[in-house]
Structures are given as structure tokens and as C-alpha cells.
Amino acid sequence: LNLWQKLVLWAALLSTLAVGLVVSVKIGGGGNLHNMDMFLISMLFATALAWEAGLRQWVLSASWRSWPVALLVLGAAFVPASQGMMSARPVTYPSQARADEAIAAIQQAVDEALSQGEVLFMDQRQLLTFGYIKDVPLVPEYEKKLMMDQAMADNQAYFAPFYADLAAHRFRLILSEPLWIRYQGDTSQFGNENDAWVRWVSEPVLCYYEPVTTYLDLGTQLLVPRQEPLDDPEVNCPKPAAP
């Protein structure tokens, strides 16, 4: 490689490494380096270029092989992989009968709610996409991941119409992941993310809606309008903006 090619290669690697480190620490509390995908893909391309440029011949040659080097290469590959291997567990899912039972109950609740008003799927929208739950108009602006992004950004303008809809009981039924009012603080690994969600989403929803059915094993909760807003001095129920 000439000088400019080397500079481009190193710039790509260092920039994606820096971005991945910053985002991984900022989102997820540094619990893992789950946003290093750009850097890993850049490394993959760099390794492929090196492999074609002579790395293959060097690896296959016998000039570098010795017991110390072989042990070092083995350790470099095995030690990082062993951490994941030791913590691996079988993936378990609810039974098909349990899933069918929950889907049937959700469909019944949806049908009853649609006869009175709108239904909001904040979560589990794949049930609509793949037709497991039918005849539910999609409300795109109030989706869990979008709301989480706006909560992390403290976007009050985004949530103002949401709070007005909650106070007006626009939705006769809301389907969400289980909502709790539990602040964790900065000391928890994902405390900032949790607290942003609780402040901007969980508290306001639970102020005006109450859970009627919760499927903890399925990560799903059904909520209906409260007769009166939640009366709890420790809960800050948002007041909808005046028209």
C-alpha cells in the first residue's frame, strides 16, 4: 500500500473504533461493546485485503511456527471466545399452546376495544405485520423504539401530543411491554436508559391507564383507561398542554 492508501485504511479503522467506543459507553452504560459492528466490519475488510496481499502465504509458511507463537495464537483466539462459551445457555421459548392462548386473548381484547375506539400497539407490532392479530390500524408515531429514542433525547415536544392522547383516553386499549415505575439511578448499569423510559413513558401511561392483563413470560401487557388519573404523590402525572 502507498501512503494515501495506508492513511485511508487507518482513518477508517480508527474512526469506526472511536464511534463504537463512544456509543457503547453512552448507550448501555458500557455493559458491553455492542456497537462495535462498524469497526469489526472494517477489520474484516482490512483482513481480507491483507490476506490477498500476502498474509495467506505467511500464515501457511513454516518460518514463524514455534511452540511459544502457537500457544500465543491459540490463547488470543480461545480466551475471548471462552467467555461467551462459559456463559452460554440454551434458548427457551414459551410453548406454542401458551403463545396461541395469549394471541387468542389479545385478539378478543382488541376486538372489544375496537368497537369503542382505537387500539395502540406500542410493542409487539410483529403480531400485526404477520397477521396474528387482525384488523388493527397502525399508529406509527407511538412505537417503543422511537419513543425510547425521544426519551433519551428529552424531547418534550414529541411527547406533548402523546400525553394529551393519554389524558383524553384516545386509545381504548394499549398493548405494551410490562410497564413499571422503578427508578434505578446512575449506579445501575442501564439506569439512565431505564429512568428515561420510566420518566417519559411508564409514568405517564400508568397515570391514565391501568394494566388488566400481564404476560410476564411473553413480555406483553394490556392496559385500559383508568376511571380517574392515578393518585400517587410519588408519581408525576403530566398535565396535557392547554389547546
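Heads up: the structure comes first, above all this text.
First, a word on scope: everything that follows refers to the structure included in this document. Quick caveat, the model's predicted, so the values are computed rather than measured.

1. Some thoughts on the pattern of salt bridges
Stage number 1. This model, assessed by the stated rule, comprises nine salt bridges.
Stage number 2. Here arginine 199 and aspartate 154 are joined by a salt bridge, their closest N and O atoms 3.6 Å apart. Pair noted here: arginine 199 is in helix H8 (residues 191–208) and aspartate 154 is in the loop between helix H6 (144–152) and helix H7 (156–167), with a separation of 45 residues, a long-range link.
Stage number 3. Given a relative accessible area of 46%, arginine 199 falls into the partly exposed group.
Stage number 4. Of the charged contacts, one joins aspartate 165 and arginine 170 as a salt bridge, the two residues approaching to 3.0 Å between their closest N and O atoms.
Stage number 5. Owing to a relative accessible area of 17%, aspartate 165 belongs among the buried residues under this scheme.
Stage number 6. Within the structure, one salt-bridge network assembled from shared partners comprises Glu118, Glu141, Asp165 and Arg170.

2. Examining the nonpolar core
Stage number 1. Counting 26 residues, the largest nonpolar core has Met147, Phe159 and Phe162 as its most contacted members.
Stage number 2. Contributions of two or more residues to this core are made by H6, H7, strand S2 (171–176) and H8.
Stage number 3. When residues in this core are grouped by element, the largest group, eight residues, is from H8.
Stage number 4. Beyond its immediate sequence surroundings of up to four residues, methionine 147 is in contact with Met122, Tyr142, Tyr158, Phe159, Phe162, Trp197 and Val201.
Stage number 5. In this structure, Leu127, Leu128, Leu175 and Leu222 belong to the second largest nonpolar core, which totals 16 residues.

3. Some details on the packing of H6 against H7
Stage number 1. Orientation of H6 relative to H7, taken along the N-to-C sense of each, is 125 degrees, at an axis distance of 9 Å. Between H6 and H7, the interaxial angle falls into the category oblique. Of the residues in H7, those touching H6 at Leu146, Met147, Gln150 and Ala151 are Tyr158, Phe159 and Phe162.
Stage number 2. Of the residues belonging to the contact of H6 with H7, the class tally is six nonpolar, one polar and no charged.

Each value, and the rule that gives it
- Residues numbered from 1 in each chain as written.
- Predicted model: local features only at pLDDT ≥ 70, side-chain atom pairs only at ≥ 80, totals over all residues.
- Heavy atoms only, no water.
- Salt bridge = Lys/Arg side-chain N within 4 Å of Asp/Glu carboxyl O.
- Helix = DSSP H or I, 4+ residues; strand = E, 2+ residues; numbered from the N terminus.
- Buried < 20%, exposed > 50% of the residue type's maximum accessible area, 1.4 Å probe, protein only.
- Core = buried A, V, L, I, M, F, W, Y, C linked by side-chain atoms within 4.5 Å.
- Contact = heavy atoms within 4.5 Å.
- Axes fitted to C-alpha atoms, helices over the stretch in contact; angles between N-to-C directions.
- Parallel < 35°, antiparallel > 145°, perpendicular 65-115°, else oblique.
- Nonpolar A, V, L, I, M, F, W, Y, C, P; charged D, E, K, R; others polar.

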